[in-house]
Amino acid sequence: MLKVEDLHVYYGGIHALKGISLEVPKGAIVTLIGANGAGKSSALRAIAGLVKNKKGSISYKGKDISHTQPVEIVKSGIVMSPEGRRIFPHLSVMENLHLGAYSRSDKDGVEKDIKWVFELFPRLRERQEQKGGTLSGGEQQMLSVGRALMSQPDVIMLDEPSLGLAPLLVKDVFEIIREVNRQGKTVLLVEQNAFAALKAAHYAYVLETGIITLSGKGEELLADDRVRKAYLGG
Amino acid sequence: MNAAMFIQHFLNSLTLGSLYALIAIGYTMVYGILRLINFAHGEIFMLGAYFVFWGLTLVHLPWPVAMVLSILVTAGLGMLVDQIAYRPLRDAPRISALISAIGVSFFLQNVAIVFFQAIPREVYRPEWLENPILMGDVRVLPLTLFVPLLSFFLMMGLVYIVYRTKTGLGMRAISRDLETSYLMGVPVNRVIAITFGIGSALAAASGIMWALRYPQLQPIMGVVPGFKAFIAAVFGGIGSIQGAVIGGLVLGFIEIMTVAFFPELAGYRDAFAFILLILILLVKPTGLLGAKPEDKV
Ligand SMILES: Nc1ncnc2c1ncn2[C@@H]1O[C@H](COP(=O)(O)OP(=O)(O)O)[C@@H](O)[C@H]1O
Ligand SMILES: [Mg+2]
């Protein structure tokens, strides 16, 4: 479905991604794990069209999208929930959701999807008129995922959704990811929380300073000595 | 001062304040979205007034038609300025766009001198705006009712666009977080262009009404009102539309009322705006309604 080949990303003199390749099959949860600064966000941002200075190919449903504008990428069915959630704090929960649907013009469909998101996240329904900035960290994460779902994506990319959340909430977030996947969305998940991510994922890639060093099924990597040493505390 | 005179001064203040407010809105919206001070905004105001003059004298259009057409043409011009002078510099350091803005300002002034010549021109004013209405012993110029009323309706229209339409939602999103707006699928460049269009339309409306109030056109006529409206926007809290309206009105009232109550200060009239600027920068640098620097529009 989504295929990245030999992707390089540069920031001025910094060579952040040094030729990574990965594949996200339809309906799967694929995770990209790695330490802080490994280049995980750069990979997602490159796919989303936010990074201009890049090399290599990114194709989606067989079409090259490496030069496509972010707006068009959203329209084509790939959406991203960015690191740090990036809720609009001065806009209401409802307005944040409508922003997620900005690329759509089917009003009825949007209303239906708002109901659907509220079913997935009943907390958001209760808080729909509240400003995004007044939500707790966990609620903001739900809003960020819900907002991304509002674009009717086929592929949803999540950049560290568990970042900064209490352990109990982290469990919830991964449950949400599984649920979203069950609802038919393909997921590309970036995480530092390797254990939870590997448990949730069908397939996983390990990224170290801009290079993919390992890949395999989630449960295989969970059992891999190198992964256990580096990311799972032995 | 009797009540009748006070009412006249009050209406004059409201008129001048509305004109400043309409210009200030354009400064504040563009700043809110791009963190750019559009120094060419005063020239947009000036061109709006000249376009009406053209419509009236060259094509002999009726007043309302000339006014609407001028507003539309000026809106288009504002969008064109954005496309040509600012859009190529979106990713450049902010100072580059600022310098470009100053360049556009001089350029438009000189274009106006070439096309309209530097000599001041008289503007024809429709009679129904000229003849004072008598209300008891109060003589009211229809213009001093017309300007605040039209300004009010324009501002209501603006509030509707910003708070009730999808494009307005996009504007409020971009002003807060550009990158995430891209991720939401907001067509950023289009929304920015529309912002320039709206700001320029309001400046044109102000310029046209200014020309009715002070019926003389000159290529430099936008400089002083533009500067004052900018100060009004800073006073209200640049980035905040409500702030721009309040700032414009406050400045209008200060100018008219000070001169009304202390006629001997009339010569310092243009200095009031700058005194206001210095005071607000000393007391509350973010302006009346300006919150944290990132909390705009
Ligand atoms: N905007 C940027 N400018 C310069 N360097 C950056 C920028 N964004 C990321 N980097 C650098 O690129 C590398 C990868 O960063 P990132 O993709 O954010 O990693 P991760 O998400 O895995 O923590 C890091 O060394 C980081 O410092
Ligand atoms: Mg990151």
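Below, the structure is looked at part by part. For clarity, every value in this text was computed on a predicted model and none was experimentally measured. (Residues numbered from 1 in each chain as written. Chains lettered and ligands numbered in written order. Predicted model: local features only at pLDDT ≥ 70, side-chain atom pairs only at ≥ 80, totals over all residues.)

On to the overall build of chain B. For chain B, the helix and strand inventory stands at twelve helices and four strands. Relative to the 2.2 N^0.38 estimate, which gives 19 Å for 297 residues, the radius of gyration of chain B is 19 Å and therefore close to what a compact globule would have. If one aligns the C-alpha atoms of chain B with their principal axes, the spans along those axes are about 60 × 50 × 35 Å. Here chain B, with 297 residues, has 48% of them falling under the buried criterion. Sequence separation of 24 or more characterises 76% of the internal contacts of chain B that already satisfy a separation of 6 or more. (Helix = DSSP H or I, 4+ residues; strand = E, 2+ residues; numbered from the N terminus. Rg over C-alpha atoms; globule rule 2.2 N^0.38 Å. Buried ≥ 20, exposed ≤ 12 C-beta atoms within 10 Å, placed from the backbone. Contact = placed C-beta atoms within 7 Å.)

Before going further, it helps to spend a moment on the site of ligand 1. Residues and elements named next belong to chain A. Around ligand 1, the neighbouring residues are Tyr-11, Ile-14, Ala-16, Gly-34, Asn-36, Gly-37, Ala-38, Gly-39, Lys-40, Ser-41 and Ser-42. Those elements that place two or more of their residues in the shell around ligand 1 are β2 (14-24) and α1 (40-48). Top contributing element to the shell around ligand 1 by residue count: α1, with three residues. Here the shell around ligand 1 is built from residues that sort into four nonpolar, six polar and one charged. (Near = placed C-beta within 6 Å. Nonpolar A, V, L, I, M, F, W, Y, C, P; charged D, E, K, R; others polar.)

All names here are of chain B. The geometry of helix α6 (residues 142-164) relative to helix α9 (residues 188-213) is characterised by a closest axis approach of 11 Å and an angle of 180° between their N-to-C directions. The pairing of α6 with α9 is recorded here as roughly antiparallel in orientation. Note on element contacts: α9 touches α6 through Ile-198, Leu-202, Ala-205, Met-209, Leu-212 and Arg-213, opposite Leu-143, Val-147, Leu-154, Leu-158 and Ile-161. In terms of residue class, the contact of α6 with α9 is built from ten nonpolar, no polar and one charged. (Axes fitted to C-alpha atoms, helices over the stretch in contact; angles between N-to-C directions. Parallel < 35°, antiparallel > 145°, perpendicular 65-115°, else oblique.)

This brings us to the packing of helix α2 (residues 41-57) of chain B against helix α3 (residues 63-86) of chain B. All names here are of chain B. Two elements in contact, α2 and α3, have axes separated by 8 Å at closest approach and are oriented at 140°. As judged from the angle between their axes, α2 and α3 are oblique. Relative to α3, the crossing made by α2 is right-handed. Taken together, the residues of α3 that come into contact with α2 (itself represented by Ile-44, Leu-47, Gly-48, Phe-51, Val-52, Gly-55 and Leu-56) are Ala-66, Met-67, Leu-69, Ser-70, Ile-71, Val-73, Thr-74, Leu-77 and Gly-78. Looking at side-chain class alone, the contact of α2 with α3 contains eleven nonpolar, five polar and no charged residues. (Left-handed = near helix turned anticlockwise from the far one by under 90°.)

Time to look at the environment of Leu149(A). Residue and element names in this part refer to chain A. Mapped onto the elements of the fold, Leu-149 is located in helix α6 (residues 137-149). Put simply, Leu-149 and Val-180 are 31 residues apart on the chain and 8.8 Å apart in space, counted from C-alpha to C-alpha. In this view, Leu-149 contacts Val-117, Ile-156 and Val-180; residues no more than four positions away in its chain are not counted.

Another point: the sheet that holds strand β8 (residues 186-191) of chain A. Residues and elements named next belong to chain A. Sheet architecture is open: six strands sit in the order β6-β7-β8-β3-β9-β10, paired in mixed fashion. Where the open sheet ends on each side, the last strands, each with one partner, are β6 (78-81) and β10 (211-217). Averaged over all pairs of adjacent strands, the angle between strand axes in this sheet comes to 15°, irrespective of strand direction. When strand β3 (residues 29-33) meets β8, the two strands line up parallel, connected through five bridges. Looking at the pairing, Ile-29 lines up with Val-187 of β8. Here helix α7 (residues 167-182) sits on the sheet and contacts β3, β7 (155-159) and β8; the angle it forms with β8, its principal contact strand, is near 160°. (Pairing = 2+ DSSP bridges.)

The next subject is the pairing of β2(A). Of the strand pairs in this sheet, strand β1 (residues 2-11) of chain A and β2(A) are connected by eight bridges, and their pairing is antiparallel. In the strand pairing of β2(A), Leu7(A) is matched with Ile20(A).

On the side of chain A, 19 residues touch chain B, which itself brings 16 residues to the contact. Every element with two or more residues in the side of chain B that touches chain A is listed here: α7 (166-176) and α8 (178-183) of chain B. Top element by residues in the side of chain B that touches chain A is α7(B). It accounts for six residues. A breakdown of the residues in the side of chain B that touches chain A according to their chemical character gives seven nonpolar, three polar and six charged.

This paragraph deals with α2(B). With 17 residues, α2(B) extends 25 Å from end C-alpha to end C-alpha; this agrees with the ideal 24 Å at 1.5 Å per step. A large share of α2(B) lies buried, amounting to 13 of its 17 residues. (Expected span 1.5 Å × (residues − 1).)

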